[in-house]
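Secondary and tertiary structure notes
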Amino acid sequence: MDKHLLNKILSNFEITGNLKTFKKISSGYINDTFKIYIDGYPRYILQKINSKVFLKPEDIFYNIDLIQKKSINIGVTLVNSKSNLPYLIANNSEYWRLMNYEYDSKTYNSTTDPKIALECGKVLSNFHSSFQNIDLTEFKCILNDFHNLPVRIRQFNEVCKNINEETRGNCSDLINTINIISKRFKIIYSSSLKLRLCHNDSKLNNILFSKSKKGLYLIDIDTIMPGLILYDFGDTVRTLVNPTSEEERDLSKIKFNKEMFDSFISGFKTALLNIEENERNLLPLSVALMPFMHGVRALTDHLNGNKYFKVDYPDQNLIRAKNLIKFSQVALSNEEYMKKIINS
Ligand code: GN1
Ligand code: MG
């Protein structure tokens, strides 16, 4: 994206300052993200929303607006465009948004620091506590069946029907593993669990920290919609207790760091969040569910020609799928341990 175009986009937002420079942020598999420096200081995050994924981007802002109307502060602040909307529509169909950049903040792709785990626990339980009594009926569903595993498995099976023998051969171990493990999660989708307003993408690198490692808030507000606490709990924990990222090819590096889990739970218990018994019983399984579902989605996309996730090289979705499914297995073998800590 060239500087001229980004400048033009920015000129439609209510901002001050002169010399603007841009840095593309490469993490993220969906949107295009840029850090904006003004007079040498990082001041804003500019994003172009992926309209192939988010078919109704205005629904994202509708949900955020509802939250703000209830005077709940989620941390992220959107800058209004000159038409007084929290986004800009450019070239008829491109949705752009601008957010304030939290000065001196940072994110982690992976860490083994228990202090970070403790803070993640606090940030996640505070996020959920603030929505504890919110009326969900008004919120829009941003992405249908986003974390519906049975639907994701159906989509995966559909794609598998159409692959050639060579591809099937290359992925057969992974496909078999998926078919075996997927049964483990049936209990989640047959339980009647409380619907809550969820972040739905609460992985470690979507949690913002101060320089002194204090957890600030969750960023990446695209998928805030009703869901299960399991989705958020599982997504934060999978990225915290695994010392390596979901891009790692060397599967022997994928581990379950118990100290990180313990620390996360200590933080998670600090907020006054009411977790119901049937939710609590399934929290450990959610730590396997989320990487499993992301892995199935990544493999589906790989077999389908990488149409959904942005890829930097042809096998990226396959590498992620292998990594994520492997971590799911590791999490399943730590289910009893997690139960013990959660109930202690
Ligand atoms: C996508 O682009 P990013 O990293 O925010 C995806 C999430 C996955 C994540 C990584 C809308 O999020 O569900 O957890 O990749 N978001 C969407 O696996 O599909
Ligand atoms: Mg996201």
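Okay, so let's go over this structure. Computed from a predicted structure; not experimentally measured. (Residues numbered from 1 in each chain as written. Chains lettered and ligands numbered in written order. Predicted model: local features only at pLDDT ≥ 70, side-chain atom pairs only at ≥ 80, totals over all residues. Heavy atoms only, no water.)

Among the secondary structure elements, K203 is positioned in the loop between β7 (196–198) and β8 (207–209). Of the side chains bearing the opposite charge, D201 lies closest to the buried K203, which forms no salt bridge; the N-O distance is 4.3 Å. Residues in contact with K203, not counting those within four places in the same chain, are D235, T236, R238 and T239. (Helix = DSSP H or I, 4+ residues; strand = E, 2+ residues; numbered from the N terminus. Buried < 20%, exposed > 50% of the residue type's maximum accessible area, 1.4 Å probe, protein only. Lys, Arg positive; Asp, Glu negative; His and termini not counted. Salt bridge = Lys/Arg side-chain N within 4 Å of Asp/Glu carboxyl O. Contact = heavy atoms within 4.5 Å.)

What follows covers the coordination of the magnesium ion (ligand 2). Each donor-metal-donor angle in an ideal tetrahedron of four donors is 109.5 degrees, and each such angle in an ideal octahedron of six donors is either 90 or 180 degrees. Looking at the magnesium ion (ligand 2), one finds its protein donor set to be D201 (OD) and D220 (OD), positioned 1.9 to 2.1 Å from the metal centre. Of the two residues, D201 is situated in the loop between β7 and β8 and D220 in the loop between β9 (215–218) and β10 (225–227); the sequence distance between them amounts to 19 residues. By relative accessible area, which is 18% here, D201 ends up buried. When its relative accessible area of 21% is taken as the criterion, D220 is described as partly exposed. (Donors = N, O, S within 2.8 Å, 3.2 Å for Na, K, Ca; no water.)

Here we take up the nonpolar core. Core analysis: the largest hydrophobic core is formed by 99 residues, its most contacted members being F233, F261, F264 and L299. Ranked by residue count, the leading element in this core is helix α9 (residues 277–303), at 13 residues. When residues no more than four places from it in sequence are discounted, the contact partners of L299 are F156, C171, L174, I175, I178, N317, L318 and A321. Counting residues in hydrophobic clusters, the runner-up holds 15 residues, among them F13, I15, L46 and V79. (Core = buried A, V, L, I, M, F, W, Y, C linked by side-chain atoms within 4.5 Å.)

Looking now at the pairing of β9. When β8 meets β9, the two strands line up antiparallel, connected through two bridges. Bridge pairing links F209 to G215 in β9. Hairpin geometry of β8 and β9 is characterised by an intervening segment of five residues between the two adjacent antiparallel strands and by a positive phi of about 65° at K213. (Pairing = 2+ DSSP bridges.)

A separate point is helix α10 (residues 316–332). Between the first and last C-alpha of α10 there are 24 Å, a value that for 17 residues agrees with the 24 Å anticipated at 1.5 Å per step. For α10, the tally of buried residues reaches 14 of 17 residues, placing the bulk of the element in the interior. (Expected span 1.5 Å × (residues − 1).)

A few words on the site of ligand 1. For ligand 1, the set of nearby residues contains 16 residues, the closest of which are Y29, K203, E246, R297 and Y308. Note that an oxygen atom of ligand 1 is positioned 2.9 Å from one of the side-chain N or O atoms of D220. Separating an oxygen atom of ligand 1 from a side-chain N or O atom of Y308 is a distance of 2.6 Å. In a pocket analysis with a 2 Å cut-off to the grid points, ligand 1 is assigned to the largest pocket. (Near = heavy atom within 4 Å. Polar contact = N/O pair within 3.5 Å; in protein donor to acceptor, adjacent residues only side chain to side chain. 1 Å grid on protein atoms, 1.4 Å probe; cavity = no way out; pocket = protein on both sides within 12 Å on 5 of 7 lines; lining within 4 Å. Sits in = over half its atoms within 2 Å of the grid points.)

Moving on: the packing of aromatic side chains. Here the structure, examined in full by the defined rule, presents twelve aromatic pairs. Ring geometry for F185 against F292: centres 5.1 Å apart, planes inclined by 40°, an arrangement best described as tilted. A residue pair is termed long-range when its members are at least 10 positions apart, and F185 in the loop between α5 (165–181) and α6 (186–190) and F292 in helix α9 qualify at 107 residues. When sorted by exposure, F185 lands in the same class as F292, which is buried. Residues Y308 and F309 carry aromatic rings whose centres are separated by 4.8 Å and whose planes lie at 80° to one another, so their mutual orientation is edge-to-face. The partly exposed category is assigned to Y308, whose relative accessible area is 27%. Here a set of aromatic residues connected by ring pairs shows up, and it is made of Y29, Y308 and F309. Here the guanidinium or amino end of K258 rests over the ring plane of Y337, the centre of that ring lying 4.7 Å away. (Phe/Tyr/Trp six-rings, centres within 6.5 Å; stacked < 30°, edge-to-face > 60°. Lys NZ or Arg CZ within 6 Å of the ring centre and 35° of its normal.)

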